[in-house]
Each structure stands twice: as structure tokens, then as C-alpha cells.
Amino acid sequence: MEERIQKILSGAGVCSRRGAEALILDGRVLINGEPAALGQRADPEADEIRVDGEIVRPAGPRQYYMLYKPRGCLTTLKDPRGRWTVADLIADIPDRVWPVGRLDLDSEGLLLLTDDGELTNRLLHPGFHVEKEYHVTVSGDVGRGLDILNGPMVLDGRELAPVQVWFLGSDGDRATLDFTLRQGLKRQIRRMCQTAGLEVKRLIRVREGPLLLGDLTCGTHRPLTDSEVRGLFRDAGLIHEPDELF
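Q: Just checking my understanding: could you explain the overall build of the protein chain for this structure?
A: When helices and strands are tallied, the protein chain shows six helices and 17 strands. The dimensions of the protein chain, computed from C-alpha atoms along their principal axes, are 65 × 40 × 40 Å. Counting across all 246 residues of the protein chain, residues that qualify as buried make up 46%. Residue pairs in contact within the protein chain that sit at least 24 positions apart in sequence constitute 64% of those at least 6 positions apart.

Q: I would appreciate a short explanation of the nonpolar core in the present structure.
A: As a rule of thumb, soluble globular proteins bury nonpolar side chains together. The biggest cluster of nonpolar side chains holds 24 residues, and the ones touching the most others in it are Val138, Leu149, Leu177 and Phe179. Breaking this core down by element, the ones donating at least two residues are strand 10 (132–139), helix 4 (142–149), strand 14 (174–181), helix 5 (188–195) and strand 15 (199–208). Ignoring sequence-local partners within four residues, the contact set of Leu149 consists of Val163, Val165, Leu177, Phe179, Met192, Cys193, Ala196 and Leu198. Leu112, Leu123, Ile204 and Leu238 belong to the second largest nonpolar core, which has 20 residues in total.

Q: Is there a simple way to think about the environment of Gly53 in this case?
A: Position of Gly53 among the secondary structure elements: in the loop between strand 5 (49–51) and strand 6 (54–55). For Gly53, a relative accessible area of 44% gives the class partly exposed. Along the primary structure Gly53 and Leu30 are separated by 23 residues, whereas in three dimensions their C-alpha atoms are 8.1 Å apart.

Q: Looking at this model, I keep getting lost on the environment of Cys218. Mind explaining?
A: Looking at the element boundaries, Cys218 is found in the loop between strand 16 (211–212) and strand 17 (221–223). As for Cys218 and Ile90, which are separated by 128 residues in sequence, their C-alpha atoms are 13 Å apart. Beyond its immediate sequence surroundings of up to four residues, Cys218 is in contact with Tyr68 and Pro70.

Q: Would you explain the pattern of salt bridges in this entry?
A: As a working rule, side chains carrying opposite charge can pair if their charged atoms are close by. Applying the stated criterion across every chain, the model contains 15 salt bridges. In this structure, the salt-bridge partner of Asp79 is Arg83, at a minimum N-O distance of 3.0 Å. Residue Arg83 is classed as partly exposed on the basis of its relative accessible area, which comes to 36%. The residue Glu199 makes a salt bridge to Lys201 at a minimum N-O spacing of 3.2 Å. A relative accessible area of 46% places Glu199 in the partly exposed class. Each of Glu131, Glu133, Arg182 and Arg207 takes part in salt bridges that share partners, so that together they form one network.

Q: Teacher, can you tell me more about the side chain of Arg207 here?
A: Secondary-structure assignment places Arg207 in strand 15. In terms of polar contacts, Arg207 uses its side chain to reach the side chain of Glu131, at 2.8 Å. Of note is the side chain of Arg207, whose polar atom sits 2.8 Å from the side chain of Glu133. Leaving out residues up to four positions away in the same chain, Arg207 has contacts with Leu110, Glu131, Lys132, Glu133, Thr180 and Leu212.

Q: Before we go on, may I ask you to explain the state of the cysteines in this structure?
A: Disulfide: a covalent bond formed between the sulfur atoms of two cysteine residues. On inspection of all chains with the given rule, the structure shows zero disulfides. No disulfide involves Cys73; its sulfur sits 9.0 Å from that of Cys218, the nearest cysteine. The exposure class of Cys218 is partly exposed, given its relative accessible area of 41%.

Q: Even after reading the chapter, I still don't get the pairing of strand 9 (residues 108–114), so can you show me in this structure?
A: The two faces of a sheet get side chains in turn, since along a regular strand they alternate between them. Most of strand 9 sits inside the fold, with seven of its seven residues counted as buried. In this sheet, strand 9 lies alongside strand 7 (residues 64–69) in antiparallel orientation, the contact comprising six bridges. Opposite Tyr68, over in strand 9, you have Leu110 as the bridge partner. Relative to strand 15, strand 9 runs parallel, the two being bridged by two bridges. Paired with Gly109 across the two strands is Arg205, which belongs to strand 15.

Rules used throughout
Per chain, residues are indexed from 1 in the order of the written sequence. In keeping with the model being predicted, local features are shown solely for residues with a pLDDT of at least 70 and side-chain atom pairs are shown and tallied solely at 80 or more, while totals for entire chains, interfaces and linings include all residues. Side-chain measures were taken over the full set of non-hydrogen atoms in the model, leaving aside hydrogen atoms and water. Per the convention used, a helix needs a DSSP run of H or I reaching at least four residues, while a strand needs a run of E reaching at least two, with both numbered from the N terminus. To sort residues, take the accessible area from a 1.4 Å probe on protein chains only and compare it with the maximum for the residue type: under 20% means buried, over 50% means exposed, and anything in between is partly exposed. When checking whether two residues touch, look at their non-hydrogen atoms; a contact exists if any pair is within 4.5 Å. Only buried Ala, Val, Leu, Ile, Met, Phe, Trp, Tyr and Cys residues count toward a nonpolar core, and they belong to the same one when joined by side-chain atoms within 4.5 Å. The salt bridge criterion pairs a side-chain nitrogen of Lys or Arg with a carboxyl oxygen of Asp or Glu, the two atoms within 4 Å. Pairing of N or O atoms within 3.5 Å defines a polar contact, subject to two protein rules: one partner must be a possible hydrogen donor and the other a possible acceptor, and residues neighboring in sequence count only if both atoms are side-chain atoms. Here, two cysteine sulfur atoms that lie within 2.5 Å of each other are counted as a disulfide. Strands pair, by our definition, only if DSSP identifies at least two bridges between them.

Spelled out as C-alpha cells, the structure:
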């Protein structure tokens, strides 16, 4: 079946659709020996598609994993300084998968990994605000802080979309708050807490869309269930069911 070449390259895990456009414009993509054009359609089963001389194989069944990223681990597959990355934690996964989105170096919790370029693009697209939930341990005046966190707040010169913040409990001079948000500004929760006079001691992502971290052990991973993948597809606004991907 013919598809746009950008979608084929993204689906095969070569790069994102935007990255595919750059490859095509640079003349690095050939279809049956001829330079590809933006928007050109091809059949990955019938046409020979090459990127930098390497044949692009038709996409097989997609892979979907959940990882509990530890604190101090970089959300990247390669680091020129040789630091600890998520690649070190998923070396036993036979297929090439990548992290969807990021978790700060000092944050931990649920991280989605996949080789599905279309789902990745949807989940990261600003038009699809998939809910993310965090448990955040803080110190400071929590009563006053909660009033500020649940009120209007401006970061980077613009008002934030509404964020739900709930008090979960306390232990000595520390309290745990539940944050649920759809926006994803860089270090948003830490900056919100700083504005509210609270110091973040620990930050754990416990949910992304329908995915729950549950009792997954820190530093380990597991494949998603079929129902979890379907839930992700629904939240990402994809119009087809992913049954064919299994």
C-alpha cells in the first residue's frame, strides 16, 4: 500500500516526519534509485527505499514499553560524556526503541518507550495534551503554596493552562502533592513550586494518559498490554485501532 515517504520513514523508525523532510530536502532519500520529493508516495513492500545508501525495511510489529526511570539517569539513548542513560537500562530489548518525551535528570518515574513514529509524533504534538500525573514531595508552607499552585500562574510570559494540585499527606516537615497537568513546559512543576515558595525534594511521574506506573520497580521495564496501547492511541487522537500492530 502506498504511503507518503515521510510517513514510511517515520514508521520504520528512521526518524520523525520532520526529520524525514530534512533528509528528503538534502537528497539523502532515494526511491528506486531516484531522489525522493516531499509528499511523494511509495509502497514499502514493492519499492526500494534507501536513506544514505541503506535500504529501509518495511515496518514490522511495533514495540511499546514502560520504564521506571531512576533519578540521575539521562532521558537519552546516547551521551557524548558517557553518563548513565536510559539506553543502559533497556539493553536487553532486542528492537530499537526510543523515549517519548523527557524526564529531568533529577526526576524519576514512568517513561514511555516505543519504535512507533506516528504515536510519538501525536503524543509530543502541542495539539494533543495527554494528561500526566506526578507525586511531588516538597518542603515549605504547603497551605499557602497550594493556594498559589491552584490559582492563575504565569511562566515565560504566558498564563499556564489549569493544573490540578492535591494534598496527599505529610511526614514531618515534608508534604506530598499530586500534580495533574496537560501542558509540558520545561521543568514546569519545579518552577511552579519555586514560585509558590516550595522546595521540591522528590518528583515522580506516576501516570501518562492511561498508563500507570503501578508497582514497577525503579530501573526496570515491561512491555505494555494491548489495552494500554489502545488507550494511548485513543488519547493521542489516532483514528485507527492498533490491532494490526500486534
